[in-house]
Amino acid sequence: QVQLVESGGGLVQAGGSLTLSCAASGGTFSNYVMDWFRQAPGKGREFVAAISWSGGSTNYADSVKGRFTISRDNAKNTVYLQMNSLKPEDTAVYYCNTHRAELRFDWGQGTQVTVSS
């Protein structure tokens, strides 16, 4: 069973940048469309970005479009999320997983991103 480990979060001032990583162990996700999600305190988990298995196609939530960039390195079994121009409303725990709900792996622990104003 694939295990997902997210990392790279932290505390950053508004306008700053962070790069998140999601690494898979125990298997590969190179054949899957992969998404980043986030969950803010008191809110449900929401979609942030998606990337095709080849990396050739991406999609973003309107709230992050133009600021975030998703990428992947299938040789390293890792998906990345480059986050620029961060805003306080980006504060959340960030997770990665497969795009298709019926193919989801167990959720990882996520990585906390906190943006101060």
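Residues numbered from 1 in each chain as written. Predicted model: local features only at pLDDT ≥ 70, side-chain atom pairs only at ≥ 80, totals over all residues. Heavy atoms only, no water.

Q: Account for the environment of V2, with residues named and values stated.
A: Its place among the elements puts V2 in the segment before strand 1 (3–7). Considered as a pair, V2 and N77 are 75 residues apart in the sequence and their alpha carbons are 11 Å apart. The residues contacting V2, other than those within four sequence positions of it, are A24, S25, G26, G27, T28 and F105. (Helix = DSSP H or I, 4+ residues; strand = E, 2+ residues; numbered from the N terminus. Contact = heavy atoms within 4.5 Å.)

Q: Describe in detail the nonpolar core, supporting the description with residues and values.
A: Core analysis: the biggest nonpolar cluster contains 29 residues, and W36, L81, M83 and Y94 have the highest contact counts within it. Here this core gets four residues from one element, more than from any other, and that element is strand 3 (residues 18–25). (Core = buried A, V, L, I, M, F, W, Y, C linked by side-chain atoms within 4.5 Å. Buried < 20%, exposed > 50% of the residue type's maximum accessible area, 1.4 Å probe, protein only.)

Q: I'd like to hear about the sheet that holds strand 9 (residues 92–98), residue by residue, with values.
A: The mixed open sheet is built from six strands, whose spatial order is 2-10-9-4-5-6. In this open sheet, the two edge strands, each paired with only one partner strand, are strand 2 (10–13) and strand 6 (58–60). The sheet shows a mean angle of 30° between the axes of neighbouring strands, direction not considered. As paired strands, strand 2 and strand 10 (residues 111–116) are joined by four bridges and run parallel to one another. In the sheet register, L11 faces strand 10, and the bridge partner there is T114. (Pairing = 2+ DSSP bridges. Axes fitted to C-alpha atoms, helices over the stretch in contact; angles between N-to-C directions.)

Q: Tell me about the state of the cysteines, residues and numbers included.
A: The bond known as a disulfide is covalent and runs between the sulfur atoms of two cysteines. All chains considered together, the criterion is met by one disulfide. Disulfide pairing is shown between C22 and C96; the S-S distance is 1.7 Å. Here C22, found in strand 3, pairs with C96, found in strand 9; they are 74 residues apart in sequence, far enough to count as distant. Grouping residues by exposure puts C22 and C96 together as buried. (Disulfide = S-S within 2.5 Å.)

Q: Quick rundown of the packing of aromatic side chains? Include the residues and the values.
A: Throughout the structure, instances matching the rule amount to three aromatic pairs. Both rings, one in Y95 and one in W107, keep their centres 5.9 Å apart while their planes meet at 85°; by these two values the pair is edge-to-face. In this pair, Y95 is assigned in strand 9 and W107 in the loop between strand 9 and strand 10, connecting sequence segments 12 residues apart. Overall, W107 belongs to the partly exposed group, its relative accessible area being 32%. Through a chain of ring-to-ring contacts, three or more aromatic side chains come together here, namely F37, Y95 and W107. Its guanidinium or amino end placed over the ring of Y95, R45 lies 4.3 Å from that ring's centre, counting from NZ or CZ. The ring of W107 carries the charged tip of R45 above its face, separated from the ring centre by 3.8 Å. (Phe/Tyr/Trp six-rings, centres within 6.5 Å; stacked < 30°, edge-to-face > 60°. Lys NZ or Arg CZ within 6 Å of the ring centre and 35° of its normal.)

Q: An account of the pairing of strand 7 (residues 68–73) is requested, with residue identities and associated values reported.
A: Along any regular strand, the residues point their side chains to alternate faces of the sheet. Of the two faces of strand 7, only one is covered, namely that formed by F68, I70 and R72; the face formed by T69, S71 and D73 stays uncovered. Here strand 7 pairs with strand 8 (residues 78–83) via six bridges, running antiparallel. From the neighbouring strand, T69 faces strand 8, where its bridge partner is Q82. Between strand 7 and strand 8, which pair antiparallel and follow one another directly, the connecting turn spans four residues, one of which, N77, has a positive phi of 55°.

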